[in-house]
Amino acid sequence: DAGVTQSPTHLIKTRGQQVTLRCSPKSGHDTVSWYQQALGQGPQFIFQYYEEEERQRGNFPDRFSGHQFPNYSSELNVNALLLGDSALYLCASKIMDRDQPQHFGDGTRLSIL
Amino acid sequence: GESVGLHLPTLSVQEGDNSIINCAYSNSASDYFIWYKQESGKGPQFIIDIRSNMDKRQGQRVTVLLNKTVKHLSLQIAATQPGDSAVYFCAENRVGNFNKFYFGSGTKLNVKP
């Protein structure tokens, strides 16, 4: 049973560019959340997708957007990249409204030069 | 949680000793709590969870204690092993919203052989 998978594992971009990160949730899960984790800090919630719609959003600018597909996979898009966007981007999945933990992928390490 | 920059609180223990990692939360609506372990280069891995109607839960070598009066959560690891070396995060969600999790800033556990 595959867990949460993310691609790519590492990515290097320059300021002003745009990036797309991808996530496949754990089998049976329908809800995908994205987190940003800066070095030495806990994950910060970006947003959550369910039924192909953004359901909740954290304190992130509109440069961060996403999408969920009918097969529950998801993408995170970041436009106009800033140096401060350098971080580990984590995807987590669960079943909507179940009082259960999220399962995380190993993340995409994004470096902005 | 508040950022502690690059300097995570660190707990150093001798192999075979017991470890206690602490976490404080501030919201009275916090209802469900999870401990995650994050090894270098990997995503957070679920360890154990506890609901607010409990004050103790045991797993294999791990125990979570919840004190709602002082809003404090702890993770006890028995007979700590080198493989337990990692960063440990507590996460919680709140009454009425099973889907959004709030993370603490983490504690780094170093196990000395």
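Values in this document were obtained by computation on a predicted structure and should not be read as measured data.

Novice: Please give an account of the state of the cysteines that cites residues and values.
Specialist: Disulfides are covalent bonds that connect the sulfur atoms of two cysteines. Residues and elements named next belong to chain B. This model, assessed by the stated rule, comprises two disulfides over all chains. Here cysteine 23 connects covalently by a disulfide to cysteine 90, the sulfurs 1.7 Å from one another. Remark: cysteine 90 occurs in strand S8 (residues 86–94) and cysteine 23 occurs in strand S2 (residues 19–24); sequence separation between them is 67 residues. Overall, the relative accessible area of 10% leaves cysteine 23 in the buried class.

Novice: For the confidence of the model for chain B, give the residues involved together with the corresponding values.
Specialist: Mean pLDDT over chain B: 89, with 94% of residues reaching 70 or higher. This stretch, residues 1–6 of chain B, has a pLDDT under 50; its non-local contacts, to residues over four places away or in other chains, come to 11 contacts.

Novice: Quick one: what's the story with the sheet that holds strand S7 (residues 72–77) of chain B, residue by residue and with numbers?
Specialist: Residue and element names in this part refer to chain B. A sheet is described by the order of its strands in space; here four strands give the open sequence S2-S7-S6-S5, paired in antiparallel fashion. Every other strand in the sheet has two partners, leaving S2 and strand S5 (56–58) as the edge strands with one partner each. Sheet twist, expressed as the mean angle between neighbouring strand axes with direction ignored, is 15°. Bridge count between strand S6 (residues 62–67) and S7: six bridges; the pairing is antiparallel. Its bridge partner being in S7, asparagine 67 is matched across the sheet by histidine 72.

Novice: Describe in detail the pattern of salt bridges, supporting the description with residues and values.
Specialist: Under the criterion given, the structure shown has eight salt bridges over all chains. Between arginine 55 of chain A and glutamate 51 of chain A there is a salt bridge whose closest N-O contact spans 3.1 Å. We classify arginine 55 of chain A as partly exposed; its relative accessible area is 39%. Salt-bridge contacts for arginine 51 of chain B lead to aspartate 49 of chain B; the nearest nitrogen and oxygen are separated by 4.0 Å. What makes arginine 51 of chain B partly exposed here is its relative accessible area of 27%.

Novice: Break down the interface of chain A and chain B for me, with residues and values.
Specialist: Each partner contributes to the interface: chain A provides 27 residues, whereas chain B provides 26 residues. With both sides pooled, the region where chain A packs onto chain B buries about 2,000 Å², and carbon together with sulfur makes up 51% of that total. Viewed at the interface, chain B and chain A are joined by zero salt bridges. Put simply, chain A and chain B have six residue pairs in polar contact (both at pLDDT 80 or more) between them. For the side of chain A that touches chain B, the secondary-structure elements that each account for two or more residues are strand S4 (31–37), strand S5 (44–50), strand S6 (53–57) and strand S9 (87–94) of chain A.

Novice: If you had to explain the sheet that holds strand S1 (residues 5–7) of chain A to someone new, which residues and values would you point to?
Specialist: For sheets, the rule is that strands pair by backbone hydrogen bonds, running either parallel or antiparallel. All names here are of chain A. Read across the open sheet, the four strands follow the order S1-S3-S8-S7; overall the sheet is antiparallel. The sheet terminates laterally at S1 and strand S7 (64–68), the two strands that pair on one side only. For this sheet, the mean inter-axis angle between neighbouring strands, taken without regard to orientation, is 20°. As defined by bridge partners, strand S3 (residues 19–24) adjoins strand S8 (residues 74–78) across five bridges and the pair is classed as antiparallel. Counterpart to leucine 21 in the pairing with S8 is leucine 76.

Novice: For the environment of isoleucine 21 of chain B, give the residues involved together with the corresponding values.
Specialist: All names here are of chain B. Its location among the elements puts isoleucine 21 in strand S2. You can call isoleucine 21 buried: its relative accessible area is 1%. Through-space distance from the C-alpha of isoleucine 21 to that of cysteine 90 is 9.5 Å; in sequence the pair is 69 residues apart.

The rules behind the values
- Residues numbered from 1 in each chain as written.
- Chains lettered and ligands numbered in written order.
- Predicted model: local features only at pLDDT ≥ 70, side-chain atom pairs only at ≥ 80, totals over all residues.
- Heavy atoms only, no water.
- Disulfide = S-S within 2.5 Å.
- Helix = DSSP H or I, 4+ residues; strand = E, 2+ residues; numbered from the N terminus.
- Buried < 20%, exposed > 50% of the residue type's maximum accessible area, 1.4 Å probe, protein only.
- pLDDT = per-residue confidence, 0-100.
- Contact = heavy atoms within 4.5 Å.
- Pairing = 2+ DSSP bridges.
- Axes fitted to C-alpha atoms, helices over the stretch in contact; angles between N-to-C directions.
- Salt bridge = Lys/Arg side-chain N within 4 Å of Asp/Glu carboxyl O.
- Buried area = accessible area lost by both parts, 1.4 Å probe.
- Polar contact = N/O pair within 3.5 Å; in protein donor to acceptor, adjacent residues only side chain to side chain.

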